[in-house]
Structures are given as structure tokens and as C-alpha cells.
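Architecture at a glance
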Amino acid sequence: MPVTAKYIVEVKRIQEILNAKTWVSNISDSDYITGIYASDLMSDVLAYGKPGSMLLTGLYSVQAIISAYMAEFRGVAFIRNKTPEEETLKFAREKGMFVLSTASDMYDACIKLAGLETVIPEEAPEAEKIHKSDNLTTYTFKIDGNDFASAGMVSTRVKAILKSIGYEPEIIRRAAISIYEAEMNVVMHARKAEVTLTASDKEIYIIVIDEGKGIGDIDLAMQEGYSTATEEQRALGFGAGMGLPNIKKNADKLDINSVVDVGTRIEITFHIK
Amino acid sequence: MDKTKCGHQWEMVNTRSGFIITEICHKCSLITTYFSSEEHPPLEEYRDGEHFWNVMSSSQSVQFDLRCRLCKTQVSFDELSALMLCTSCKKDCKVFELLERGQGHSVWVYVAFGFKPYKDKRQLTGEKLGILEDYFNMKRKSTKSSIKIVSHELIYDEDSCMGGFIMDEFLLSLDAPANK
Amino acid sequence: MKLKDIIGSLSLNVLTNLDDKEVTGVYISDMLSDVMSNAKAGNLWVTIQTHKNIVAAANLIDISAVIVTQGTRVPEETIDLANRYNVIIISTNDSTFALSGKLYQIGIK
């Protein structure tokens, strides 16, 4: 049986080894992480961090946990015994992440954790959502309806992924705007959605499938300024009725299918020149 | 122990992390800089008497004191906003002159910046600059080179100075790095 | 441990001029202000930062060498400045975490 070295370590082991204080737990005994990313630079966490990892950082700002969440990490360990801010703890509780702190400095923490690499059979649980085959990379993201606090995170994450793959800034900008608009539509009008991004050397292809109230008249929804947003949503600065028109303007191809009271499927394509 | 005769051995104590904030008043164009240890330093414009302050930049940094291990004298460096390595960008600059003079002996010149507006805020004294210089030189292992720390007053034109600042500007940015 | 031995055993890429220096310990941080206040002379400084300002911090503390991780491209400007100030910059494709494990394995405590 082929074996491969993988980093799969139970969170309670991490706590023991780092002699860490647990600020927010949110984990069961069997929960594990699948990697460690040691960094104080949040843009790099987004670009290179792998889902399922733990962030090890000396950056004590709330941005640390937000970035870890966006990169789909399980939790954060702060070095040098820093007391995390209340805002960090609150965010972690809401998002189901863990927060630890350790007296170790970064090198000390890294070398203690590095020895935990385990050799396991190939077919062990795969926590990463990334599938790679023939220059084709697929990523999936989930969006919750009405979650205004996290709105925009998928688009930021997609932007980072596309940039790290190396697409032209212009196409990345158009893709990020389109996903942002689609994301806002989900937050305002749907219960939840799944976004799938497929990136290849020929095209960037995005599907957003939501469960929600659907769109009654697609032609009307495509008109600039047409909006069904509530007063409250508009007061927050959303729902100007530019969402779908803006996607159409930026995308090379836009397909919309919708069933009222079931949901909407939006397919957005960008051709690589 | 007689503090005046002590051959001080400095150590860094009381380090506090925070942000160095630069603000401009959009009415009178006055620029102010200060250290903030708030979790969330101001981002929106705010009014303070006749000024309307707008944040131009905020960088993460630390403030610290130096304390002598032997005589326990403690000196605060609250007047220091940042240290900058001179990269000799301008021939007319006095800092560049100093660097040229020291280069044969490998003396690297760092500039200690105070907080703005310089005339209204307390600035580092020559004595404190000397203590800071002693501290860093004592820490160095290399006998081949040393550092010199001078006041920002020596800089020819601060606005166009190209030196290397020791402060952290982009840690919180979520824009992907443009490399690889 | 000698810097040249570390570079040899871990096949690191040297981007600047190279002096052999004695390495004592490792300091990992992406914050220059942190390096200024906590790193020690002789430390290997491991970071993902590549801005020319890293030279200012490395030179001030008399760091033995800077190791840039994650295969991050180091700008020409940073390398030029590093050469002028005798700061050594090395790069690796490993992540900061992976590199730490290797440095520990070859005996840097």
C-alpha cells in the first residue's frame, strides 16, 4: 500500500505539546488539523495557507483570526503568551474555530510541532478541498445567507488564489468583482450557497448555486437599478440593483437559471486570452 | 552604586506593541504622527478643535524602555517613532556625509525619527540617542562594523528620503502577494 | 554552527555575497519591529518579508543571515542593499514551518 507523509495531528496533542492555554475550544477530542502555517503576514496566509491548517502567529490583531477563517483554517495559536483580544475570541466562537496561546516563540513552537508529522496510508481522510488534475484546479466555498459580517470573504479568497496561480491582474479584478456581487446576492436573498471555482489555462469558471427565494423575472433582475433589497439592507449600503448587471458587464459569459422558492444557479465564465 | 560612573549595560524592557499613525488635517495640511496602543486606531476622519484629522498611514511598531542591568537606571524611548537605515540617497544630506566618513570603518548610520510636528513634541535628546546607540552596539557580535544613530534633524529633505524604515506596514493587508 | 554548513546540508539558494559566519539560534518573524526588539546577534532570521527594509533590521541586530521562505522572489533593490551592508540573504522553497523542522534536525537549537 502506498504511504505518504501527512500532517494530521489532533488538536489536543497540539495543546499538550505547546503547553498551550485554550481560549476558545470549539473542538471535540477527535478533531485534528492537517497542517501548520507560521506567518505574521496575512496576505500570505490567504495565498499559501491550506484549508484544515492551524495558523501560528505573533500578529495579535483580530485580522489574524479573520484571515485564518478565510483560508479555511481550523484555528489559531498565538505565540509569546499574548492574551488575545475579546474580538478575536468572539469571532472564533461564532465561526467554530479554536484559539490557543503558548509561551514559546515562533521557532520553539515550530520545532515542537514539526516532529509530529505522521506517516499514514494514502486513503486517509482528506480534509483539503482542492482537487488538482491536468492543470485544472477546483475550489469550493460556502456562503451563509444574511451573514453580512463575512460578506466579501469568498471574493477576497478567490482573488488571492487567482493571483497565486498567476493570472493577469485585469481578469482577476473582473472575476473578483463578479464573485463579490454574486456573494452579496446570496447574503441578501438566499439561505445558503455553494461557490465552485474552476481555474484552468483556458478559462476561469465560477458556479454559484443557492437555496433561496429564486428570481421571478430574470430580465427584470438584469436591469440596472432594479432591486428587491429591504430598506434595512439598503441602509447598510447594499442592494443598489447593480449586482447582476455588474456581473454581466465584467464576465465573458453569464448564465442564470432560477426556480422561484427553490434557488438560483449562476454560471460565470472568463476566457483566458 | 554611583549612577554617573556606571558603565551601563542596557537591556530592552517594557516593550509595547501598537501602531504609528500618521494623520493630516485637511483644513491646514498640518501632519501629525503618534503612537497608539489601541486595538483599533482611528480610520475615519475626526475633529479635534480646529483640526480635521485624516489617517494617511498606520504601521505596526513597538515602543520600549532601556534599563541598565547594573545600576537599574531606566530610560524611556517614547519620543522615538522609528529607526531608519540611511541608504545614501542624496549627496547634499548630512546623514549621507556621515555615512561616507564612516564607511571605511564600516560604521552604518541609522536615523532616529521623533513624532510630528517636531517643534511641538518632545524630541530625543543627544544623550538618549547615545544610549540607544550603545545598546545596539553592545548587542552586536561583529567587531568589523558598528552603528551610529543620529537625529532626523540632519536629514536634508525628509519627504524624499529613500532610507529603510524599521516598521511594519502591510501585515494586515489581505491583498495577495504579487510574486512567485 | 557555520552558515556554509547549513546552506550545504539544506541546499539553500544564496542570493547575495556570502561570508562564512557563525550561526547561533533561529529567530522567526515577519515583523521588523519584533526582530528589532527580540532577535539576537548571530541569529538566523527566517521570514517571508522581502522588502528592502529587512536589510535595515538585519544589519542593526547583526543577524548572521536572512532566510526568505516560500520561494518568495526577493526584489533586486533588496539584494543590492544587502550586498552593500554585508547582509546575507538566502532563499528556500520550503514554508517557514517546514524549514524550522529541517533546521532543528541538523542541530540548530
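Quick caveat: nothing in here was measured; it's all calculated off a predicted structure.

As a further point, take the overall build of chain A. Secondary structure assignment for chain A yields ten helices and 15 strands. Relative to its 273 residues, chain A shows a buried fraction of 52%. Sequence separation of at least 24 residues holds for 59% of the intrachain contacts in chain A that already meet a minimum separation of 6. Surface summary for chain A: the accessible area is close to 12,600 Å², and the carbon and sulfur share equals 49%.

Attention shifts here to the pattern of salt bridges. Residues and elements named next belong to chain B. This model, assessed by the stated rule, comprises 22 salt bridges over all chains. Salt-bridge contacts for Arg-122 lead to Glu-79; the nearest nitrogen and oxygen are separated by 2.9 Å. With Arg-122 in the loop between β7 (107–113) and α2 (126–139) and Glu-79 in the loop between β5 (74–76) and β6 (82–85), the pair connects residues that are 43 residues apart, well separated along the chain. Note on Arg-122: relative accessible area 61%, which makes it exposed. Look at Glu-79 and you get buried, because its relative accessible area is 5%. With a shortest N-O distance of 2.9 Å, Glu-79 and Lys-128 are connected by a salt bridge. One end of the pair, Glu-79, is in the loop between β5 and β6; the other, Lys-128, is in helix α2, and 49 residues separate them in sequence. Both residues of the pair, Glu-79 and Lys-128, belong to the buried class.

Before going further, it helps to examine the domain arrangement of chain A. All names here are of chain A. Assigned domains within chain A: domain 1 (3–121) and domain 2 (131–271). The partner domain 2 presents nine residues to the eleven residues of domain 1 that form the contact. Note on domain 1 versus domain 2: buried area summed over both sides is about 770 Å², and carbon and sulfur give 58% of it. By the criterion of area lost to domain 2, the three top residues of domain 1 are Leu-46, Met-70 and Glu-72, representing 54% of everything that side buries. Scanning the region where domain 1 abuts domain 2 turns up two residue pairs in polar contact (both at pLDDT 80 or more). Among the secondary structure elements, those contributing two or more residues to the side of domain 1 that touches domain 2 are α2 (42–48), α3 (63–70) and α4 (86–95). Across the side of domain 1 that touches domain 2, the residue classes break down as eight nonpolar, one polar and two charged.

Residue and element names in this part refer to chain A. In this structure, Glu-267 sits in strand β15 (residues 263–271). Each C-alpha atom, one on Glu-267 and one on Thr-196, is 9.6 Å from the other, the two residues being 71 residues apart in sequence. Glu-267 has contacts with Tyr-205, Ile-206, Ile-207, Lys-253, Leu-254, Asp-255 and Asn-257, leaving out every residue within four places of it along the chain. A polar contact is formed between the side chain of Glu-267 and the side chain of Tyr-205, at a distance of 2.6 Å.

Moving on, we come to unusual backbone geometry. A cis amide bond links Lys116(B) with the next residue in sequence, Pro117(B), at an omega value of -5°. Mapped onto the secondary structure, Pro117(B) falls in the loop between β7 and α2. The phi torsion at Gln70(C) lies on the positive side, around 65°, for a residue other than glycine. Inspection of the secondary structure assignment puts Gln70(C) in the loop between β4 (65–68) and α4 (76–84).

Now for the confidence of the model for chain A. On average, residues of chain A carry a pLDDT of 82, and 87% of them reach 70 or more. The low-confidence segment residues 119–132 of chain A, where pLDDT is below 50, has 31 contacts with residues more than four positions distant or belonging to other chains.

Right, let's get into the sheet that holds strand β7 (residues 75–78) of chain A. All names here are of chain A. Read from one edge to the other, the open sheet built from five strands follows the order β3-β8-β7-β6-β5, with strand pairing classed as mixed. Since the sheet does not close on itself, it has two edges, and those belong to β3 (21–24) and β5 (36–38), each with one partner. Across the sheet, the axes of successive neighbouring strands diverge by a mean angle of 25°, strand direction being ignored. In the sheet, β3 pairs with strand β8 (residues 98–101) via three bridges, with the strands oriented antiparallel.

Residue-level contacts link 28 residues of chain C with 30 residues of chain B. Both faces considered, chain C and chain B share a buried interface measuring about 2,600 Å² in area, 57% of it formed by carbon and sulfur atoms. Inspection of the chain C/chain B interface yields zero salt bridges. The interface formed by chain C and chain B holds 15 residue pairs in polar contact (both at pLDDT 80 or more) in total. Elements represented by at least two residues in the side of chain C that touches chain B include exactly α2 (32–38), α3 (53–61) and α4 of chain C. For the side of chain C that touches chain B, the leading source of residues is α3(C), giving seven residues. Grouping the amino acids of the side of chain C that touches chain B by side-chain chemistry returns twelve nonpolar, ten polar and six charged.

Calculation criteria
- Residues numbered from 1 in each chain as written.
- Chains lettered and ligands numbered in written order.
- Predicted model: local features only at pLDDT ≥ 70, side-chain atom pairs only at ≥ 80, totals over all residues.
- Heavy atoms only, no water.
- Helix = DSSP H or I, 4+ residues; strand = E, 2+ residues; numbered from the N terminus.
- Buried < 20%, exposed > 50% of the residue type's maximum accessible area, 1.4 Å probe, protein only.
- Contact = heavy atoms within 4.5 Å.
- Areas by Shrake-Rupley, 256 points an atom, 1.4 Å probe, with all protein chains shown as cover.
- Salt bridge = Lys/Arg side-chain N within 4 Å of Asp/Glu carboxyl O.
- Domains from an automatic or database assignment.
- Buried area = accessible area lost by both parts, 1.4 Å probe.
- Polar contact = N/O pair within 3.5 Å; in protein donor to acceptor, adjacent residues only side chain to side chain.
- Nonpolar A, V, L, I, M, F, W, Y, C, P; charged D, E, K, R; others polar.
- pLDDT = per-residue confidence, 0-100.
- Pairing = 2+ DSSP bridges.
- Axes fitted to C-alpha atoms, helices over the stretch in contact; angles between N-to-C directions.

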